[in-house]
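# Reading the structure
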Amino acid sequence: MLHDDYHIRITGRQVYDGGGLEPGEITLQTTGTYRERPGVQFIAYKEYDEDDPRVCHTAILKVEPHRLTMMRQGSDTKLILEKGQRHLCLYDTGFGTFSVGVFTSELNSTLSDRGGHLSVKYTLDVDSALSSANEIEVSITPVRS
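Residues numbered from 1 in each chain as written. Predicted model: local features only at pLDDT ≥ 70, side-chain atom pairs only at ≥ 80, totals over all residues. Heavy atoms only, no water.

## Things to note about the nonpolar core
Among the nonpolar cores identified, the biggest contains 26 residues, and Ile-43, Leu-68, Leu-81, Val-102, Val-138 and Ile-140 are the most heavily contacted of them. Counting only elements with at least two residues in this core, the list comes to strand 1 (2–16), strand 3 (40–48), strand 4 (56–64), strand 5 (67–72), strand 6 (78–82), strand 8 (97–109), strand 9 (116–126) and strand 10 (129–142). Counting residues per element, this core draws most heavily on strand 9, at four residues. In this structure Val-138 touches Ile-8, Arg-9, Ile-10, Ile-43, Leu-61, Gly-116, His-117 and Leu-118, once residues within four positions along its chain are discounted. (Core = buried A, V, L, I, M, F, W, Y, C linked by side-chain atoms within 4.5 Å. Buried < 20%, exposed > 50% of the residue type's maximum accessible area, 1.4 Å probe, protein only. Helix = DSSP H or I, 4+ residues; strand = E, 2+ residues; numbered from the N terminus. Contact = heavy atoms within 4.5 Å.)

Dropping the structure here:
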């Protein structure tokens, strides 16, 4: 079943390990599509380039029990967040692609056919050295209830 016109709110928080960088939080509010199939949900929305708002990519979140895959069309980025597991993933910065380790400590979903909430806690490491601790919260609600 395809559901168009969903409000999507994504809040991401990062705490960096060393390096003197301040913790950060970013919230994105947009509309997109939400599709549910047996055992899997897909959330898709457009991400616009900060330097050139005419350039955009479609971000796709694939949600399965205990697993979230984050992808961006037109790039090599593919992050796999699976509760209790570490995955070696590709991340495309726009200037090049590199491998990062992703360990997911928590993944909770209340997504249903009308939307819902998803929260994830994970760490990123580069060359097995901790880079940051991260949290993502995603809320999906129909534009027209």
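That covers the picture; the talk isn't over yet.
## Concerning the pattern of salt bridges
What the rule picks out here adds up to eight salt bridges. Arg-13 is the salt-bridge partner of Glu-135, the closest N and O atoms lying 3.6 Å from each other. Residue Glu-135 is located in strand 10, and its partner Arg-13 is located in strand 1; the two are separated by 122 residues in the primary sequence. Salt bridges sharing partners connect three or more residues here, namely Arg-13, Glu-25, Glu-135 and Glu-137. (Salt bridge = Lys/Arg side-chain N within 4 Å of Asp/Glu carboxyl O.)

## Quick look at the pairing of strand 9
As paired strands, strand 8 and strand 9 are joined by eight bridges and run antiparallel to one another. Across the sheet, the residue bridging to Val-102 is Leu-124, located in strand 9. The hairpin turn running from strand 8 into strand 9, its antiparallel successor, is six residues long, and Gly-115 in that turn takes a positive phi close to 110 degrees. The pairing of strand 9 with strand 10 spans eleven bridges and is antiparallel. When the bridges of strand 10 are listed, Thr-123 appears paired with Ala-133. What sits between the antiparallel neighbours strand 9 and strand 10 is a turn of two residues, in which Asp-127 has the positive phi angle 55 degrees. (Pairing = 2+ DSSP bridges.)

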